[in-house]
Amino acid sequence: MKILMIAMPWQGLDTPSSALGVLGPCVRKSAADWTVDELYANLRWAECLMRESNGSITCEDYGNIADQVFHGVGDWVFTPALYDVDSYQVDGYSKFLEQRDMDSTLPVAMQKYARGFIRDLAAEIAADPPDVVGFTSTFMQNVPSLALARELKKIAPGILTVLGGSNCDGAQGPALHRNFGQLDFVISGEGERALPALLNRIAKGEGLADVPGLSWRGDDGQTVVNPPAKAALPFAMVPAPGYDSYFQTLEKSPVRHHVRPMLVLETSRGCWWGEAHQCTFCGLNGSNIDFRSKAPERIAEEVRELAERYQVLDLVMVDNILDMKYLNTAMPEIAALDCDLRIHYEIKSNMNRGQLSKLKEANVLFVQPGIESLSSHVLRLMDKGVSAAHNVRMLRDGQDLGLNVTWSILYGFPGETEDEYRRLLKKMATLEHLEPPSGAWRIALERFSPYFEDPTQGFMFRRPSEIYDFIYQVPRDELYDMVFFFDTSVQGISGPIEDEMKQACEEWAKAYPQSTLSYWTDDRGRVTIEDRRASWPEEVIELDDVQSNVYLGMFQCAAREGTRRRLADSGHVVSDGEIEEMLRYFVDRGLAFEDEGRYVSVALEVDPYRRKLVGGKEVAASL
């Protein structure tokens, strides 16, 4: 028997599907009666768009739509294929996007090709029909998957369909099954056990009641929902991924010249911080936040095997957070591979310079630290467990070590005030030589987040996001169970201050390429600072012994009392007033960042003429 597993749009073009890469080996190992084929329909869709538009819709355009997760653009593009119409809610959705300062031209142009693409793909599959077609669905893969499943049922009703992935977690999976008859099965939760178990039952004609997390139809046609697995999957059961199908498809694809492939590896699941302190706005771990990680001795070997097999050195670790024990275990082994890897990891933003150095030695060059604010008060509202000074230290150390730090500013938290954002606006020029945020964004209300699970935290009113009104034709109560994003009342800041924050982020990004703030010490330990930032006067500042002591003492973050003790231990007799005056000078001159009485120096200990990364490319750091 044969299963065809499909990665539908809007899986990224430059990465294979982690789900397909792992589930394929699981099926081959645990469902012996089955053969596995994989189809990267996302690449096929990009080919279709380029071909049908005579090259006017590019792979870059595909990527731009794939990034519009919060506005459901990718799902809306495929609605004509789902409802078998020529077009769907074009005027209404275009107006919806325009009200959010988004151009509707590209998605409207794409939508007219979706129906034909799905029909052609279904006909191709039905010509040599598998017994089962499996879809993996995350974010905007729901409607493309549902559309293809519908067309397959129409022309080859004997094919069984199964949907899984994060879009099926919790109540979402059963709701999808209830409302879309083209789905024979939906798996909620981890699929490494459930999918092989389902396939074995199908092959043997056995009952399905013991397949964990499975939604299926009983004799009366009604949805039956099996209990979830009793425990999270041990990571030892997760095999190394295989991506042969992706690279074979890409090699033959007309879009291959427009795609820079990257490998994907999962070394942990869940979130060790979230187990005790889940960030209030975050629902990404779904119903299973339990942290599990891969045995460290496996990681370097899997990295080496993937790089050698596919001749690719860019590697994205899809973990929600780095397992800190890897710093002394897996990272030295990866460093010992002695090849020019370029690895991406999500990390905690209070990691210190020594810890970051271990990542850099292992060629972890891209990090996403979850900074998300430069206000300690707002970070407490998020339950982040870090201070604003920690986050600035991360930006400084990342810049100093040559890491590419990806981050953004989030707002809209119950309890935040406009005054603290006004104070932040005044501080942002201090940091314009450090990696800028991608922007400032209001948080969304996400299923599974503490804000969603506990309405008393501030978001009492909620309804399925308006985007779904343009996508699904299901009753509102069913939609509530089925979707991930919700509209809710505005909390925190609003109005002109939002625009000012967004503008400040843009100005930071413009100033960054030509801005440097560097320091060095002489043989007596005295500090000299060279300021070449866009918003500050060019100046070389020489600090005396006491000032140098204070400035270097702020390297790891310092408070007034710690500064006083450091000076006393160094034999300097300085009054509290003089300490306060020095600290205020460093802050007012933009040489240090302060929030809630914690200070961190922001100058970089680097050659002022070194080159820095901007958007992944090297540019001159000084004019």
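In this text the structure is predicted, and so the values were computed from the model without any measurement. (Residues numbered from 1 in each chain as written. Predicted model: local features only at pLDDT ≥ 70, side-chain atom pairs only at ≥ 80, totals over all residues. Heavy atoms only, no water.)

**Remarks on the overall build of the protein**
Move 1: Looking only at helices and strands, the protein features 24 helices and 26 strands.
Move 2: Computed over the C-alpha atoms, the radius of gyration of the protein is 26 Å, within 12% of the 25 Å expected from 2.2 N^0.38 for a compact globule of 623 residues.
Move 3: Considered along the principal axes of its C-alpha atoms, the protein spans approximately 85 × 50 × 50 Å.
Move 4: Counting only residues that meet the buried cut, the protein has 56% of its 623 residues in that class.
Move 5: Taking all contacts inside the protein whose residues are at least 6 apart in sequence as the whole, residues at least 24 apart take part in 73%. (Helix = DSSP H or I, 4+ residues; strand = E, 2+ residues; numbered from the N terminus. Rg over C-alpha atoms; globule rule 2.2 N^0.38 Å. Buried < 20%, exposed > 50% of the residue type's maximum accessible area, 1.4 Å probe, protein only. Contact = heavy atoms within 4.5 Å.)

**What to know about the packing of helix α2 (residues 41-52) against helix α7 (residues 105-127)**
Geometrically, a packed helix pair is captured by the angle between its two axes and the distance between the axes.
Move 1: As a packed pair, α2 and α7 sit with axes 10 Å apart at the nearest point and diverge in direction by 125°. Compared by their axis directions, α2 and α7 come out oblique. In the packing of α2 onto α7, the handedness of the crossing is right-handed. For the pair α2 and α7, contact is made by Ala41, Arg44, Trp45, Cys48, Leu49 and Glu52 and by Met110, Tyr113, Ala114, Phe117, Leu121 and Glu124, respectively.
Move 2: Across the contact of α2 with α7, the residue classes break down as nine nonpolar, no polar and three charged. (Axes fitted to C-alpha atoms, helices over the stretch in contact; angles between N-to-C directions. Parallel < 35°, antiparallel > 145°, perpendicular 65-115°, else oblique. Left-handed = near helix turned anticlockwise from the far one by under 90°. Nonpolar A, V, L, I, M, F, W, Y, C, P; charged D, E, K, R; others polar.)

**Here we look at the environment of Lys510**
Move 1: Tracing the sequence through the fold places Lys510 in helix α21 (residues 496-511).
Move 2: Its relative accessible area of 59% is what places Lys510 among the exposed residues.
Move 3: Between the alpha carbons of Lys510 and Trp10 there is a distance of 30 Å; along the sequence they are 500 residues apart.

**Considerations on helix α1 (residues 18-30)**
Move 1: With 13 residues, α1 should reach 18 Å at 1.5 Å per residue; the first-to-last C-alpha distance of 18 Å fits that figure.
Move 2: For α1, the complete set of buried residues consists of Ser18, Leu20, Gly21, Val22, Leu23, Gly24, Cys26 and Val27.
Move 3: Against β1 (2-7), β2 (35-40), β3 (132-136), α10 (191-204) and β8 (263-265) lie the buried residues of α1. (Expected span 1.5 Å × (residues − 1).)

**So, the confidence of the model for the protein**
Where the model shows low pLDDT, its predicted coordinates should not be examined in detail.
Move 1: Per-residue confidence for the protein averages 95 on the pLDDT scale, and 97% of its residues sit at or above 70.
Move 2: Within the model, the stretch residues 608-612 combines pLDDT values under 50 with 24 contacts to residues more than four positions away or in other chains.
Move 3: Confidence over residues 619-623 falls short of pLDDT 50; this stretch has 18 contacts with residues more than four positions distant or in other chains. (pLDDT = per-residue confidence, 0-100.)

**Some remarks on the sheet that holds strand β14 (residues 404-405)**
Move 1: Reading across the sheet, the five strands line up as β8-β11-β12-β13-β14 and stay open at both edges, with parallel pairing between neighbours. This sheet does not close on itself; its edge strands, each paired only once, are β8 and β14.
Move 2: When strand β11 (residues 314-317) meets strand β12 (residues 342-346), the two strands line up parallel, connected through three bridges. Note on β12: the bridge partner recorded for Asp314 is Arg342. (Pairing = 2+ DSSP bridges.)

**A closer look at the packing of helix α15 (residues 353-361) against helix α17 (residues 388-401)**
Move 1: At a minimum axis separation of 10 Å, α15 and α17 run at an interaxial angle of 40°. As far as their axial angle goes, α17 and α15 are oblique. By crossing handedness, the relation of α15 to α17 is classed as right-handed. Together, Arg353, Leu356, Ser357 and Lys360 of α15 and Met394, Asp397, Gly398, Asp400 and Leu401 of α17 make up the contact between the two elements.
Move 2: Looking at side-chain class alone, the contact of α15 with α17 contains three nonpolar, two polar and four charged residues.

**Quick look at the side chain of Ser53**
Move 1: With respect to the helices and strands, Ser53 occurs in the loop between α2 and α3 (59-66).
Move 2: Among the polar contacts listed, one links the side chain of Ser53 to the backbone nitrogen of Ile57, at a separation of 2.9 Å. (Polar contact = N/O pair within 3.5 Å; in protein donor to acceptor, adjacent residues only side chain to side chain.)

**Some details on the nonpolar core**
Move 1: Ile6, Trp10, Trp45, Leu148, Leu359, Tyr472 and Ile529 are the most contacted members of the largest nonpolar core, which totals 199 residues.
Move 2: Residue contributions to this core peak at eight residues, all from α7.
Move 3: Beyond its immediate sequence surroundings of up to four residues, Tyr472 is in contact with Asp75, Tyr83, Asn142, Val143, Leu146, Phe180, Leu479, Met482 and Val483.
Move 4: Counting residues in each nonpolar core, the second largest holds five residues, with Cys26, Leu233, Phe235 and Val238 among its members. (Core = buried A, V, L, I, M, F, W, Y, C linked by side-chain atoms within 4.5 Å.)

**Considerations on the pairing of β1**
A regular strand places its side chains so that they alternate between the two faces of the sheet.
Move 1: Of all six residues that make up β1, six are buried, and the element is covered over most of its length.
Move 2: Going residue by residue along β1, you find Lys2, Leu4 and Ile6 tucked away on one face and Ile3, Met5 and Ala7 tucked away on the opposite face as well.
Move 3: Where β1 lies against β2, six bridges are found, and the strand directions are parallel. Each bridged residue has a counterpart across the sheet, and for Lys2 the counterpart in β2 is Thr35.

**As for the environment of Asp169**
Move 1: Mapped onto the secondary structure, Asp169 falls in the loop between β4 (160-164) and α9 (172-179).
Move 2: You can call Asp169 buried: its relative accessible area is 11%.
Move 3: When the C-alpha positions of Asp169 and Asn404 are compared, they lie 32 Å apart, and in sequence the two are 235 residues distant.
Move 4: Apart from the residues within four sequence positions on either side, Asp169 is in contact with Gly189, Asn285, Gly286, Ser287 and Phe448.
Move 5: In terms of polar contacts, Asp169 uses its side chain to reach the side chain of Ser287, at 2.6 Å.

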